[in-house]
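# Coordinates in review
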Amino acid sequence: MDELLEFRCPSLEVMRKPFVDGQMTISRSAGKVTLPYNFMLVPAMKPSPCGYLGSRQGDCSCSPIQVQHYHSLISGPLLDRIDIHIEEPTLSIKELMTSDKGESSEDMR
Ligand SMILES: [Zn+2]
């Protein structure tokens, strides 16, 4: 889910119960079905509304209150269910286009 905070709060909060229960129920007029719900969620979000907080690419134009409000849009209970939180710097186009393949998954493992 890129731009996690662009999703409406109710859409995010509805995912909390299936995280806990390990199953989800889809209800339609013809009936309902319960399915296992075991997946990996990889959300991404900008560090601030403008996206430049802590960036080498530009200056953040957001006030501390705007940044605080932006971060408050995601609930603590949902954040608690995300096991790994990583802050990554913005990459330049040159860095994205490098032919250096970096560290392999095997090496990281
Ligand atoms: Zn900003």
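So, here is what we can say about the structure in this document.

Criteria and thresholds
- Residues numbered from 1 in each chain as written.
- Predicted model: local features only at pLDDT ≥ 70, side-chain atom pairs only at ≥ 80, totals over all residues.
- Heavy atoms only, no water.
- Helix = DSSP H or I, 4+ residues; strand = E, 2+ residues; numbered from the N terminus.
- Rg over C-alpha atoms; globule rule 2.2 N^0.38 Å.
- Buried < 20%, exposed > 50% of the residue type's maximum accessible area, 1.4 Å probe, protein only.
- Contact = heavy atoms within 4.5 Å.
- Lys, Arg positive; Asp, Glu negative; His and termini not counted.
- Charge placed at Lys NZ, Arg CZ, Asp CG, Glu CD.
- Pairing = 2+ DSSP bridges.
- Donors = N, O, S within 2.8 Å, 3.2 Å for Na, K, Ca; no water.
- Tetrahedral: all angles 85-135°; square planar, octahedral: opposite > 155°, others 65-115°.
- Core = buried A, V, L, I, M, F, W, Y, C linked by side-chain atoms within 4.5 Å.
- Polar contact = N/O pair within 3.5 Å; in protein donor to acceptor, adjacent residues only side chain to side chain.
- Patch = residues over 30% accessible without salt bridge, like charges linked within 9 Å, V, L, I, M, F, W, Y side chains within 5 Å.
- Areas by Shrake-Rupley, 256 points an atom, 1.4 Å probe, with all protein chains shown as cover.
- Salt bridge = Lys/Arg side-chain N within 4 Å of Asp/Glu carboxyl O.

## Examining the overall build of the protein chain
A tally of regular secondary structure across the protein chain gives 6 helices and 2 strands. Listing the helices and strands of the protein chain from first to last along the sequence gives α-α-β-β-α-α-α-α. Relative to its length of 109 residues, the protein chain is extended, with a C-alpha radius of gyration of 18 Å against a globular reference of 13 Å. Each principal axis of the C-alpha distribution contributes one length, and for the protein chain these read about 50 × 40 × 25 Å. Counting across all 109 residues of the protein chain, residues that qualify as buried make up 17%. For the protein chain, the proportion of contacts with a sequence separation of at least 24, taken over those separated by at least 6, is 46%. One way to put it: in the protein chain the 11 positive side-chain charges average out to a point 9 Å from where the 15 negative ones average out.

## Observations regarding the pairing of strand β2 (residues 31-36)
One ladder, built from 6 bridges, connects strand β1 (residues 23-28) with β2; its direction is antiparallel. Residue pairing across strands places R28 opposite G31, the latter belonging to β2. Adjacent in sequence and paired antiparallel, β1 and β2 are bridged by 2 residues.

## Here's the deal with the coordination of the zinc ion
The zinc ion binds to the protein through S48 (OG), C50 (SG), C60 (SG) and C62 (SG), with metal-donor distances spanning 2.2 to 2.5 Å. Taken together, the 4 donor atoms coordinating the zinc ion span angles of 100 to 120° at the metal, a pattern that classifies the geometry as tetrahedral. Given a relative accessible area of 26%, C50 falls into the partly exposed group.

## Considerations on the nonpolar core
Membership of the largest hydrophobic core is limited to 9 residues, which are L4, L5, L12, M15, Y37, L41, Y70, I74 and L78. Beyond its immediate stretch of four places on either side in the chain, L5 contacts M45, Y70, L73 and I74.

## A short note on the side chain of S75
With respect to the helices and strands, the residue S75 is situated in the loop between α3 (64-72) and α4 (76-80). Side-chain polar atoms of S75 contact the backbone nitrogen of L78, separated by 3.2 Å. Residue contacts for S75: discarding those within four places in its chain leaves E13 and R16.

## Observations concerning the side chain of S48
Mapped onto the elements of the fold, S48 is located in the loop between β2 and α3. Exposure remark for S48: the relative accessible area of 0% places this residue in the buried category. A polar side-chain atom of S48 sits 3.4 Å from the main-chain amide nitrogen of L53. The residues touching S48, leaving out its near neighbours within four places in the chain, are L53, C60, C62, V67 and Y70.

## Topic: a nonpolar patch on the surface
Side chains of L91, I93, L96 and M97 sit close together on the surface and give an oily, nonpolar patch of about 460 Å² of accessible area. Mapped onto the elements of the fold, I93 is located in helix α5 (residues 93-96). Residue classification places I93 among the exposed residues on the basis of a relative accessible area of 64%.

## Quick word on the environment of E95
Inspection of the secondary structure puts E95 in helix α5. In this structure, the C-alpha to C-alpha distance between E95 and M45, residues 50 residues apart in sequence, is 20 Å. Setting aside anything within four residues of it in sequence, one finds E95 in contact with R56 and T90.

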